[in-house]
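Coordinate analysis (summary)
The lines below spell out each chain.
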Amino acid sequence: MTFDVQGTCVDFYRPLLRLGDSINQAKSLSIDWAVMSSGWRALYRDVLDAVICGHRPWLPVVEIYRETLDVLLEDRGLASHFSAAERDQLNGIWSRLEPWPDSVEGLRRLRQSYVTSTLSNAGMATMVSIVKRAGLPFDAVLTAELVQAYKPAAAVYQLAVDSLGYRPGQILMVACHKYDLKAARAFGMRTAFIARPLEFGPGVDTDLTPESWIDVPVSSLTELADVLEIVTAPGDGVASP
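What you see is a predicted model; the values in this text were computed from it and never measured.

Of all five residues making up strand S6 (residues 190-194), four are buried, and the element is well covered by its neighbours. Pairing of strand S5 (residues 172-175) with S6 involves four bridges; the strand directions are parallel. Residue pairing in the sheet places Met173 in a bridge with Thr191 of S6. Each parallel crossover has a hand, and the one from S5 via helix H8 (residues 178-187) to S6 is right-handed. Bridge count between S6 and strand S7 (residues 216-218): three bridges; the pairing is parallel. Its bridge partner being in S7, Ala192 is matched across the sheet by Val216.

What follows is the structure, given as structure tokens:
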């Protein structure tokens, strides 16, 4: 089983809002960090897509975070309030994300029957930090940085095949992002969709609709463990919904 992590296993929104509140207090500012969260992620996605399409050369995702933070602060008229060191500290929030309430228990249960690995667009150092700080019980840590590509590029899914020793059809890709699952399915993997209605914060319209092409649609990693304990085919280590 391979897992998207940011959004699927850990939450970016709440940690950023708490950090933002402390910044507002320390600097006597009134920044809306919910709006900042949405803006930052949108800018990050734009640059990531430009890299994927070949419009920009590959660069580590930590540099994308930092570049888009600079753009965000400039666009919001906040650039003068943050030194380079403070921006670096703020950028570090991507390495200090927190698990969803079901993540540790769900992964612990799934790991008892399956090889579990991250398959994230984050950088290796960022992913190691997240996994360690959040206590996520994975067997392996793999990220797109290892092949200098980003999902949904097929090279990232091939990384899982090459690194874990399973054929695509023996791997279940788990994510809350449908673009990721569509690419994994096209590559030949099985798919599990985790609905995360609060990924972008409360009141944000998020696509949670189960699709007919998704093998296992669930609302949490513990529910995924419940489902797979029932439908696992003995001996092959592959979910058979």
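Turning to the packing of aromatic side chains, a few remarks are in order. Summed over the entire model, instances satisfying the criterion amount to nine aromatic pairs. Consider the rings of Phe3 and Phe138, whose centres lie 5.5 Å apart with planes at 65°: the pair is edge-to-face. Of this pair, Phe3 sits in strand S1 (residues 2-3) while Phe138 is found in the loop between helix H6 (124-134) and helix H7 (154-164), placing the two residues 135 residues apart along the sequence. Overall, the relative accessible area of 9% leaves Phe138 in the buried class. Ring plane angle 45° and centroid distance 5.3 Å describe the contact between Tyr44 and Tyr65, whose orientation is recorded as tilted. One end of the pair, Tyr44, is in helix H2 (residues 33-52); the other, Tyr65, is in helix H3 (residues 61-75), with 21 residues separating them in the sequence. The pair formed by Tyr44 and Tyr65 is uniform in burial state, with each residue classed as buried.

A separate point is H6. Burial in H6 covers these residues: Thr126, Met127, Ile130, Val131 and Ala134. All buried residues of H6 fall inside an arc of 125° around its axis, so they share one side. Exposed side chains of H6 directed beyond 90 degrees from the buried face belong to Ala125, Lys132 and Arg133. Next to the buried residues of H6 lie strand S2 (10-11), strand S3 (98-99), helix H5 (103-111) and strand S4 (117-118). Downstream of H6 by a residue or two, Gly135 has a phi angle that is positive, lying close to 65°.

Read across the sheet, five strands follow the order S4-S1-S5-S6-S7 without closing on themselves; strand pairing throughout is parallel. Each end of this open sheet is capped by a strand with a single partner; those strands are S4 and S7. The pairing of S1 with S4 spans two bridges and is parallel. Residue pairing in the sheet places Phe3 in a bridge with Thr118 of S4.

Cut-offs and rules
Residues numbered from 1 in each chain as written. Predicted model: local features only at pLDDT ≥ 70, side-chain atom pairs only at ≥ 80, totals over all residues. Heavy atoms only, no water. Buried < 20%, exposed > 50% of the residue type's maximum accessible area, 1.4 Å probe, protein only. Helix = DSSP H or I, 4+ residues; strand = E, 2+ residues; numbered from the N terminus. Pairing = 2+ DSSP bridges. Right-handed = clockwise from strand over helix to strand, strands pointing away. Phe/Tyr/Trp six-rings, centres within 6.5 Å; stacked < 30°, edge-to-face > 60°. Arc of directions from axis to C-beta. Contact = heavy atoms within 4.5 Å.

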